[in-house]
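This is what each chain is made of:
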Amino acid sequence: MAKTPASATKSAKSDPKQPSESPADFALHSLQDEHEKQKRYDASLEQMLAFYEQMLLIRRFEERAGQLYGLGLIGGFCHLYIGQEAVAIGLQSALDNDRDSVITGYRDHGHMLAYGIDPKVIMAELTGRQAGISKGKGGSMHMFSTEHKFYGGHGIVGAQVALGGGLALAHQYNDDGGLCLAYFGDGAANQGQVYETMNMASLWKLPIVFVVENNQYAMGTAVGRSSAETEFYRRGAAFRIPGMDVNGMDVLEVRGAAEIAFRHVREGNGPVLIECNTYRYRGHSMSDPAKYRTREEVQDFRDTKDPIEAMKKTLLENGKTEDDLKAIDKAIRATVSEAADFAENSPEPDAAELYTDVLVGEY
């Protein structure tokens, strides 16, 4: 009698180690294939104008924050988002603000602005004032707003990813239709808790989109020197999480990827991993001289890949004039100046504020 092949015997048994679907039914590249068919979101002129205004607001806000830091009005660390604006705007413009949640690391000012939070309360928080969104106790790195479903601002590298998994579990448990958008950087991509979270998120099909903001240098080390696998969108393959490789300097491409990824998650298919390849123009923080790269490299990105200049060019090609865009810039500068004045003139927290918000409830 011919022997039954061992593989056939194994597959015939009920094996708890086997996934619920066969490998043939699962394609890691499926979402990337869909993205490749039409990379850029087909935005209306009105939407493109909104993207331009939102990115420019982040840019001008961050420039002013850098000035206030230099004047000693912002203490501690301050990580600017200049250059990466297309990532937050492209992704968060596709969210449902009534249902979805966002969590990120300590380069968080841009994400809060992208969520439509008042620049005044963000700037007041940066300067440690009572009127700040966290009452002046969070500062640049630890801003938080449950009202807006923005859960930080986290100083521990990679810790926000595990917390994002918890937010996604809450969305699933409450059956509220929401998803969690969890950002982390190329430096945090080598943290173990990131992969523990990916494993559980995939196993439980949690509604979460993991976003690697790959700004190429983490805290100051080029990705090629720190990561064996520099194509971060592949990092979910071991957990059967489809990945997407996205140009993070193009807001329309980011938005296009968001449409695909969010739909996939909302349909109950589990998590997605998006890598947004972007570039920060400033150092890791305001105290970083960024000597690990050349001025020529930074200038090349500014000259040829800047997300705001690219959108400005598109708007001009679609009928907007230089005067139209100058008026927008003037209005945004006024908004940022007003936020800075509000922050500088707001009182610092009372000493008693140190004892509030320590625990969720009173015991």
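Residues numbered from 1 in each chain as written. Predicted model: local features only at pLDDT ≥ 70, side-chain atom pairs only at ≥ 80, totals over all residues. Heavy atoms only, no water.

Visitor: Could you give me a rundown of the overall build of the chain, with the residues and numbers involved?
Guide: The secondary structure content of the chain amounts to 13 helices and 5 strands. Taking 21 Å as the expected radius of gyration for a compact globule of 363 residues, we find that the chain reaches 22 Å, a close match to that expectation. Taking the principal axes of the C-alpha coordinates as reference, the chain spans close to 90 × 60 × 40 Å. Across the 363 residues in the chain, those meeting the buried criterion constitute 49%. The contacts of the chain with a sequence gap of at least 6 include a subset with a gap of at least 24, amounting to 76%. As presented, the chain carries roughly 17700 Å² of accessible surface, and 51% of it is formed by carbon and sulfur atoms. (Helix = DSSP H or I, 4+ residues; strand = E, 2+ residues; numbered from the N terminus. Rg over C-alpha atoms; globule rule 2.2 N^0.38 Å. Buried < 20%, exposed > 50% of the residue type's maximum accessible area, 1.4 Å probe, protein only. Contact = heavy atoms within 4.5 Å. Areas by Shrake-Rupley, 256 points an atom, 1.4 Å probe, with all protein chains shown as cover.)

Visitor: Describe the packing of helix α7 (residues 159-174) against helix α8 (residues 192-203), with residues and values.
Guide: In the contact formed by α7 and α8, the axes pass within 7 Å of each other and the chain directions differ by 20°. The angle between α7 and α8 places the two elements in the roughly parallel class. Viewed along their axes, α7 and α8 form a crossing whose handedness is left-handed. For the pair formed by α7 and α8, the contact residues are Ala159, Val161, Ala162 and Gly165 on the first element and Gln193, Val194 and Thr197 on the second. Among the residues forming the contact of α7 with α8, the class breakdown is 4 nonpolar, 3 polar and no charged. (Axes fitted to C-alpha atoms, helices over the stretch in contact; angles between N-to-C directions. Parallel < 35°, antiparallel > 145°, perpendicular 65-115°, else oblique. Left-handed = near helix turned anticlockwise from the far one by under 90°. Nonpolar A, V, L, I, M, F, W, Y, C, P; charged D, E, K, R; others polar.)

Visitor: I'd like a rundown of the sheet that holds strand β3 (residues 208-214), residues and numbers included.
Guide: Across the sheet, 5 strands lie side by side as β1-β2-β3-β5-β4; this open sheet has parallel pairing. The open sheet has two edge strands with one neighbour each: β1 (101-103) and β4 (243-247). Taking the axes of each pair of neighbouring strands and ignoring which way they run, one obtains an average angle of 20° across the sheet. Here β1 runs beside strand β2 (residues 180-185); their pairing, made up of 3 bridges, is parallel. Directly across from Ser101, in β2, lies its bridge partner Cys180. Seen against the sheet, helix α2 (residues 30-37) touches β4 and β5 (272-277) and runs at an angle of roughly 30° to β4. Across the face of the sheet, helix α4 (residues 85-92) comes into contact with β1, β2, β3 and β5 while running at roughly 165° to β2. (Pairing = 2+ DSSP bridges.)

Visitor: Quick one: what's the story with the confidence of the model for the chain, residue by residue and with numbers?
Guide: On average, residues of the chain score 92 in pLDDT, and 92% of them are at 70 or above. Scored below 50 in pLDDT, residues 1-14 shows 3 contacts in the model against residues more than four places distant or in partner chains. (pLDDT = per-residue confidence, 0-100.)

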